[in-house]
Amino acid sequence: MTVITRHSEFYLEDGSITLQDMFSMPSSSSQPNHHEACDESPVKLGLPFMVKKMDYLLWWFMCRYSSNLPPLEGLVSILELGMFLQIDVARSFAIQALSTDSLNLSPARQLSLALRFRISDWIELAFKALVATPAHRLGLEDASFLGLTIMHIIHSTQSENRHIRLVLAYNPLKMDKHDVLCKRPALGCQASWEAAWWDGFARHYLHPDHPCTPLEALAKFESANIAGVTTACRLQAVEFIRDHGVFDREYGILEEGLKLLKKFEGTVVGV
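Residues numbered from 1 in each chain as written. Predicted model: local features only at pLDDT ≥ 70, side-chain atom pairs only at ≥ 80, totals over all residues. Heavy atoms only, no water.

### Examining the overall build of the chain
Convention followed: A run of DSSP states H or I qualifies as a helix once it reaches four residues; a run of E qualifies as a strand once it reaches two. Both are numbered from the N-terminal end. For this analysis, residues touch if any pair of their heavy atoms sits within 4.5 Å.
Each helix and strand counted, the chain has 11 helices and 0 strands in total. For the chain, the α and β elements follow one another from N to C terminus as α-α-α-α-α-α-α-α-α-α-α. Relative to all contacts within the chain whose residues are 6 or more apart in sequence, the contacts with residues 24 or more apart total 65%.

### Brief notes about the pattern of salt bridges
Stated formally: Note on definitions: salt bridges are taken to be side-chain nitrogens of Lys or Arg within 4 Å of carboxyl oxygens of Asp or Glu. Exposure classes here rest on a 1.4 Å probe applied to the protein chains alone. A residue is buried below 20% of its type maximum, exposed above 50%, and partly exposed in between.
Taken as a whole and judged by the stated rule, the model has 8 salt bridges. For Glu80, the salt bridge identified is with Arg116, shortest N-O distance 3.4 Å. Residue Glu80 is located in helix α3 (residues 72-84), and its partner Arg116 is located in helix α5 (residues 107-116); the two are separated by 36 residues in the primary sequence. With relative accessibility at 12%, the residue Glu80 sits in the buried group.

### Concerning helix α11 (residues 248-262)
Defined as follows: In this scheme, a helix's expected span is set at 1.5 Å multiplied by one less than its residue total. This arc is built from the directions going out from the helix axis to the C-beta atoms.
Between its first and last C-alpha, α11 extends 21 Å over 15 residues, near the 21 Å set by a 1.5 Å rise per residue. Taken residue by residue, α11 has Glu250, Ile253, Leu254, Gly257, Leu258 and Leu261 as its buried positions. The buried side chains of α11 occupy one side of the element, clustering within an arc of 135° when seen end-on.

### Topic: the confidence of the model for the chain
As a reminder, the rule being used: Per residue, pLDDT captures the predictor's confidence, and it can take any value from 0 to 100.
Summary statistics for the chain give a mean pLDDT of 81 and a share of 81% for residues scoring 70 or more. Looking at the elements of the chain, mean pLDDT is at its lowest for helix α1 (residues 17-22), recorded as 55, and at its highest for α5, recorded as 95.

### Let's talk about the nonpolar core
Note the threshold: Buried Ala, Val, Leu, Ile, Met, Phe, Trp, Tyr and Cys residues that are joined via side-chain atoms within 4.5 Å together make up what is termed a nonpolar core.
Judged by nonpolar contacts, the single largest core of 43 residues is most densely connected at Leu111, Leu146, Ile150 and Leu261. Leave out the neighbours within four places in its chain, and Leu261 touches Leu111, Leu115, Ile123, Phe127, Ile150 and Ile153. In this structure, Tyr205, Cys212, Leu218 and Phe247 belong to the second largest nonpolar core, which totals 23 residues.

### A word on the packing of α3 against helix α4 (residues 88-98)
Using the following cut-off: Fitting a line to C-alpha atoms yields each axis, with helices limited to the stretch in contact; the angle taken between N-to-C directions then spans 0 to 180 degrees. For classification purposes, an angle smaller than 35 degrees is called roughly parallel, one larger than 145 roughly antiparallel, one from 65 to 115 roughly perpendicular, and anything else oblique. Here is the rule for handedness: rotate from the far helix to the near one, and if that takes an anticlockwise turn smaller than a right angle the crossing is left-handed, while a clockwise turn gives right-handed. Residues are grouped as follows: Ala, Val, Leu, Ile, Met, Phe, Trp, Tyr, Cys and Pro are nonpolar; Asp, Glu, Lys and Arg are charged; all remaining types, including Gly, are polar.
Their axes nearest at 8 Å, the elements α3 and α4 cross at an angle of 150°. By the angle between their axes, α3 is roughly antiparallel relative to α4. Viewed along their axes, α3 and α4 form a crossing whose handedness is left-handed. From α3, Leu72, Leu75, Ile78, Leu79, Gly82 and Met83 reach across to α4, where they touch Ala90, Arg91, Phe93, Ala94, Ile95, Ala97 and Leu98. Residue classes in the contact of α3 with α4 are distributed as 11 nonpolar, 1 polar and 1 charged.

### Structural notes on helix α7 (residues 140-170)
Since the α-helix packs 3.6 residues into each turn, any two residues three or four apart lie on the same face. Applied cut-off: Note on bend: at a given residue it equals the angle between the axes fitted to the 7 residues ending there and to the 7 starting there.
With 31 residues, α7 should cover 45 Å at 1.5 Å per step; its first-to-last C-alpha distance of 33 Å lies more than 12% under that length. Of all the bends in α7, the greatest measures close to 110° and is centred on Gly147.

### Focus on the packing of aromatic side chains
The condition that has to hold: In this scheme Phe, Tyr and Trp rings, the latter by its six-membered ring, pair at centre separations within 6.5 Å, and the angle between planes marks the pair as stacked below 30 degrees, edge-to-face above 60, and tilted otherwise.
Within the structure shown, the criterion is met by 8 aromatic pairs. An aromatic cluster of at least three residues, connected via ring pairs, comprises Trp193, Trp197, Phe201, Tyr205 and Phe247.

### Digging into unusual backbone geometry
With the exception of glycine, most residues fall at negative phi, and the peptide bonds are largely trans. A positive phi angle, near 50°, is found at Asn104, a position not held by glycine. Locating Asn104 in the fold gives a position in the loop between α4 and α5. Using a relative accessible area of 65% as the deciding quantity, one classes Asn104 as exposed.

Right under this line is the structure:
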């Protein structure tokens, strides 16, 4: 039989109004005077309460202004119990502490916590970081944090984006308008534009490790001087790309993946 004793470190001789209210219990006919937690009538808590997790929450109650933070396990415990007990300040404390650079959470670990504990601000950032990570760099540790379904959403989004990028890179834009000063629109200007598309844009857009984003691609076209293409023709082409949403499909694929992902908010993913 387990003997319930006072906590060796976090015991308040004068009691705590907060904890007293939190763990109060209705009185019963058998113990009419034992209606709340006290030394004579301790409250026995089930899941998600565990001794170690409760130790970390008690640390937050009494030592949260300390310069020393608990380890990752402790911050996650404070986040979990703070959310379960609806202690918003404890939840906010844990989220802020988990966001510090010193912890350097991987996007997979961050997304796992964000889904489990409904940290909306983290979900999109972590998801985009994972989609931007080359598939061969997502390892078993990432999969263990996220589980099969979430990894499938990430890989599907990556695959669709890759296909869209290949199609765009393989098909140089046909310039439907040319500047009045353009002397060879059909041959010289278009040919120079296509050469710049292949040698400049496509190489950056399909880079295996650091592909440029659609916005970065547009910026390159806006600022680059292309031999054989007049400035006016180049800017008209950029305007056409922007007005016709040539790159919008890529953003749409990300949004679709994000919508699927958000269906798993409030669930435990991974193993």
